[in-house]
There are 2 protein chains.
Amino acid sequence: MTLLRRGDRVALVSPAGPALPSRVAAGAEVLRSWGLEVATPVVEPWALPYLAGSDEARAAEFVDAWCSDVAAVFCVRGGYGCLRMTDLVPWKDLPPRVFVGSSDVTVLHAELGAVGQPTVFGPMPGTADFVDDPVAQARLRAVLFDGVSSWTAGTPVVPGAARGVLVGGNTALLAASVGGPRWERPADGAIALLEDVGEEPYRLDRILTQLVRAGWFEPVAGIVLGSWTGCGDVSDVLADRLSGLGVPILGDFGFGHCAGSWSLPLGVAAALDVDARTLTVV
Amino acid sequence: MTLLRRGDRVALVSPAGPALPSRVAAGAEVLRSWGLEVATPVVEPWALPYLAGSDEARAAEFVDAWCSDVAAVFCVRGGYGCLRMTDLVPWKDLPPRVFVGSSDVTVLHAELGAVGQPTVFGPMPGTADFVDDPVAQARLRAVLFDGVSSWTAGTPVVPGAARGVLVGGNTALLAASVGGPRWERPADGAIALLEDVGEEPYRLDRILTQLVRAGWFEPVAGIVLGSWTGCGDVSDVLADRLSGLGVPILGDFGFGHCAGSWSLPLGVAAALDVDARTLTVV
């Protein structure tokens, strides 16, 4: 993945829910403090209040930003909405860009992964998880500017090691994408990053069960678990649905909706070593 | 669909979540007051507390009950779990039975519909929606014993009329079924019954968007909306996702998780007339 440098232009976009303008402004200031020139979102409020704008406006903003003279595109917030605008984006025609987002933006990571664009799953500049969290900021900056590509964290769940392309993100959106126009299982030997927020154990079970029944896990060679904020105690359901897959699992790795979350690449080959608690881009 | 008669034997089963034993007992008493002989569930509590028993135990109970000398099988409760046991049921080999359930049991209705077995989407004897609701009880009894096959209710949303096989149920489970081993779109010209409980507008949007993107609505010729209990104000999201489909829609029809809910057949041909507010088996 290309690194960012001081002086690079970047665009903030709103493909999902609306972010607080004050948060977006604060997040943009952080990015400016890294030496970036920042263009902020342009979509207008719309009838459905959980969307930042109409599907057409969010898609147009995304495509226009992506195709403008920028080095990177940052999503300001998740929430919900990418599933509604993704079919309006000409994925195959997009030039290479650095891309940052997480949560609902999992949908866009999968689309970019399918056309061979690596991305960064990390906290978004219009959210408290970024604006109010200097550690998470520093960890994103280290990936984008310094090329940090190895992480040591977490708790072993199922021992072992695996190599493969990093895929995944928010489980609810991975499940909600099943059956869509371009949906497909990960490539053979993938390493899946999985996290979620606000899904009670029975809901997480339903989500993981949909992915299991759709064959999503069949090519997966290893799993790295992130945060399960507001999900209650999901250890039993994670064990029940994932431990029987016969692949190494590293738990509690610290990405997603948590303090000091790691920013991690998707769409690049990596090595997982559960016993050493390491994930390394190779 | 075959009607029930006094003296018929029926079985209660737990394919999903655990029901309160006192509720199951009360529900069984209601069925006995209809002249039915009632066998109650046999599954044992299991590690995951939102499931009535292990997947294997729930599937075995279901198959054993279905293949025993009974006229009907009633699910005691929904909650969650049918998605986990449905792949363990030999759907094509089941003899004809009257079948009653709703909510999570939507998964089993779809399986039975796919093998040509009509079913009844109605309140379940281990839930308060049945035990504490004499109107809902009487409405289920009228379908099962008297062959009531026409209903007048609701509020027109999109005018028009349609004929087709009744399909659907709980939207979250319809969406969670997408991509499963036997999943397919409804047959051409289907009339979809849709309801849900406890899904906030953005979640309902995600659910309906998954169904739209998977093509589930493509063969649908008409829609009947039930209750949206605990979902907040979903009128805007329903209008946004469904009104553009170009099919007649009858809203607020009164089935699902509501007081005095109608019991409605699935898997049988029916005529929907939105202007007359009628749904009639034909």
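Residues numbered from 1 in each chain as written. Chains lettered and ligands numbered in written order. Predicted model: local features only at pLDDT ≥ 70, side-chain atom pairs only at ≥ 80, totals over all residues. Heavy atoms only, no water.

Chemist: Account for the sheet that holds strand 10 (residues 220-229) of chain A, with residues named and values stated.
Modeler: Residues and elements named next belong to chain A. Ordered by their spatial adjacency, eight strands build an open sheet running 6-14-13-8-9-10-11-7, and the pairing between neighbours is mixed. Among the strands making up the open sheet, the edge pair consists of strand 6 (150-152) and strand 7 (155-158). Between one strand and the next, the sheet's axes are offset by a mean angle of 30°, whatever the strand orientation. Where strand 6 meets strand 14 (residues 278-281), three bridges bridge the pair, whose relative direction is antiparallel. Bridged to S150 within strand 14 is T280. (Pairing = 2+ DSSP bridges. Helix = DSSP H or I, 4+ residues; strand = E, 2+ residues; numbered from the N terminus. Axes fitted to C-alpha atoms, helices over the stretch in contact; angles between N-to-C directions.)

Chemist: A description of empty space enclosed by the protein should follow, citing residues and the corresponding values.
Modeler: If you walk through the whole model with that rule in mind, you get one cavity of 30 Å³ or more. Among the elements of the structure, helix 7 (171-176) and helix 8 (201-213) of chain A together with helix 7 (171-176) and helix 8 (201-213) of chain B are those that each provide at least two residues to the lining of the largest cavity. By residue class, the composition of the lining of the largest cavity is eight nonpolar, two polar and six charged. (1 Å grid on protein atoms, 1.4 Å probe; cavity = no way out; pocket = protein on both sides within 12 Å on 5 of 7 lines; lining within 4 Å. Points joined across faces, edges and corners; volume = space filled by probe spheres on them. Nonpolar A, V, L, I, M, F, W, Y, C, P; charged D, E, K, R; others polar.)

Chemist: I'd like a description of helix 2 (residues 55-67) of chain A, backed by residues and values.
Modeler: Helix length check: helix 2 of chain A, at 13 residues, gives a terminal C-alpha distance of 18 Å against a target of 18 Å (1.5 Å per residue), a fit within 8%. Those residues of helix 2 of chain A that fall on the buried side of the exposure criterion are A:D55, A:R58, A:A59, A:E61, A:F62, A:V63, A:A65 and A:W66. Its buried side turned inward, helix 2 of chain A meets strand 1 (9-13), strand 3 (72-75), helix 3 (82-85), strand 4 (98-101) and helix 4 (106-114) of chain A together with helix 9 (235-242) of chain B. (Expected span 1.5 Å × (residues − 1). Buried < 20%, exposed > 50% of the residue type's maximum accessible area, 1.4 Å probe, protein only. Contact = heavy atoms within 4.5 Å.)

Chemist: Which residues make up the relation of the copies chain A and chain B, and what values do they have?
Modeler: Once turned by 180° and shifted 0.0 Å along the axis, chain A lies on chain B with an RMSD of 0.0 Å. This pairing of chains is accounted for by a two-fold axis. Minimal C-alpha separation from the rotation axis in chain A is found for A:G179, amounting to 3.0 Å. An overlap of 100% is found between the interface residues of chain A and their copies at the interface of chain B, pointing to a shared contact surface. (Least-squares fit on C-alpha atoms with pLDDT ≥ 70 in both.)

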